[in-house]
Amino acid sequence: MKPLPSIYSPANYALNEYIAAVQEGRVSPSGVTGATRDGDIIRTTYGKTLGNNLVVWNLEYYTLSPSEMGFHTLHEALHQIPGFSDEVIAAAARTISGRTDSIDDPSIYFNNRLREYCP
Ligand SMILES: [Zn+2]
């Protein structure tokens, strides 16, 4: 991986890395649903980044609007940056915000922060 050039934002850098992943065949459909039941709540995982920066998209991803697909693509693209995990982002955002409560789901917390800054 190239060093992070200072003129690029992490989002630009991440999206360039995502494009490289597509070109290298590291992005693919999972072929399965990302919906899971948590009590009365159905949670949907649209995609995830696995080891070796492999991105898989669940069936529900392909039903999203273009802007929602872009949002989730940006999320997974950010995971192309080494160490850019949901947990790291959630912890950093919590520290910056001054929150002291625990964060139950780092991925959802990360998405909420992304939505705040990338509406
Ligand atoms: Zn994530």
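Residues numbered from 1 in each chain as written. Predicted model: local features only at pLDDT ≥ 70, side-chain atom pairs only at ≥ 80, totals over all residues.

Enquirer: Would you take a moment to explain the sheet that holds strand β1 (residues 27–29) for this structure?
Expert: Whenever strands of a sheet pair, they do so through backbone hydrogen bonds, lying parallel or antiparallel. Read from one edge to the other, the open sheet built from three strands follows the order β1-β5-β4, with strand pairing classed as mixed. Edge positions in the sheet fall to β1 and β4 (47–50), since each has one partner strand and no second. The sheet shows a mean angle of 25 degrees between the axes of neighbouring strands, direction not considered. Alignment of β4 against strand β5 (residues 54–57), held across four bridges, turns out to be antiparallel. (Pairing = 2+ DSSP bridges. Helix = DSSP H or I, 4+ residues; strand = E, 2+ residues; numbered from the N terminus. Axes fitted to C-alpha atoms, helices over the stretch in contact; angles between N-to-C directions.)

Enquirer: Sorry if this is basic, but what is going on with the environment of S85 here?
Expert: Mapped onto the fold, S85 is located in the loop between α2 (66–78) and α3 (86–97). On the neighbour-count criterion, S85 (16 C-beta atoms within 10 Å) is partly exposed. Here the alpha-carbon distance between S85 and H75, two residues ten residues apart in the chain, equals 10.0 Å. (Buried ≥ 20, exposed ≤ 12 C-beta atoms within 10 Å, placed from the backbone.)

Enquirer: Any chance you could explain the pairing of strand β2 (residues 35–38) here in plain terms?
Expert: Each regular strand shows side chains that alternate between the opposite faces of the sheet. In terms of strand pairing, β2 meets strand β3 (residues 41–44) through four bridges, oriented antiparallel. In the sheet register, T36 faces β3, and the bridge partner there is R43. The antiparallel pairing of β2 with β3 creates a hairpin that spans two residues between the two strands, and G39 there sits at a positive phi of about 65 degrees.

Enquirer: Explain helix α1 (residues 10–23) to me, please; I cannot follow it from the model alone.
Expert: One turn of an α-helix holds 3.6 residues; hence residues three or four places apart share an orientation. With 14 residues, α1 extends 20 Å between its outermost C-alpha atoms, agreeing within 8% with the 20 Å of an ideal straight helix rising 1.5 Å per residue. Where α1 is concerned, the buried positions are Y13, A14, Y18 and A21. Relative to the axis of α1, the buried residues are bounded by an arc of 140 degrees and lie together on one face. Facing away from the buried side of α1 by over 90 degrees, the exposed positions are N12, V22 and Q23. Tucked inside the fold, the buried residues of α1 contact β1, β5 and α2. Phi turns positive, to about 75 degrees, at G25, one or two residues after α1. (Expected span 1.5 Å × (residues − 1). Arc of directions from axis to C-beta. Contact = placed C-beta atoms within 7 Å.)

Enquirer: Just checking my understanding: could you explain the packing of α1 against α2 for this structure?
Expert: When two helices pack together, their arrangement is given by the angle between the helix axes and the distance between those axes. Where α1 contacts α2, the axes come no closer than 8 Å and their chain directions differ by 90 degrees. If you check the angle between α1 and α2, you find them roughly perpendicular. Residues P10, A11, A14, L15, E17 and Y18 of α1 touch α2, and the partners they reach there are T73, L74, A77 and L78. Taken together, the residues that form the contact of α1 with α2 break down as eight nonpolar, one polar and one charged. (Parallel < 35°, antiparallel > 145°, perpendicular 65-115°, else oblique. Nonpolar A, V, L, I, M, F, W, Y, C, P; charged D, E, K, R; others polar.)

Enquirer: It is not clear to me how the environment of L114 should be interpreted in this structure. Could you clarify?
Expert: As for its position among the elements, L114 is in helix α4 (residues 106–117). Here L114 falls in the partly exposed class, since 18 other C-beta atoms lie within 10 Å of it. Not counting the four nearest positions on each side in its chain, L114 is found in contact with F71, L74 and H75.

All we've got here are geometric facts, nothing functional implied.
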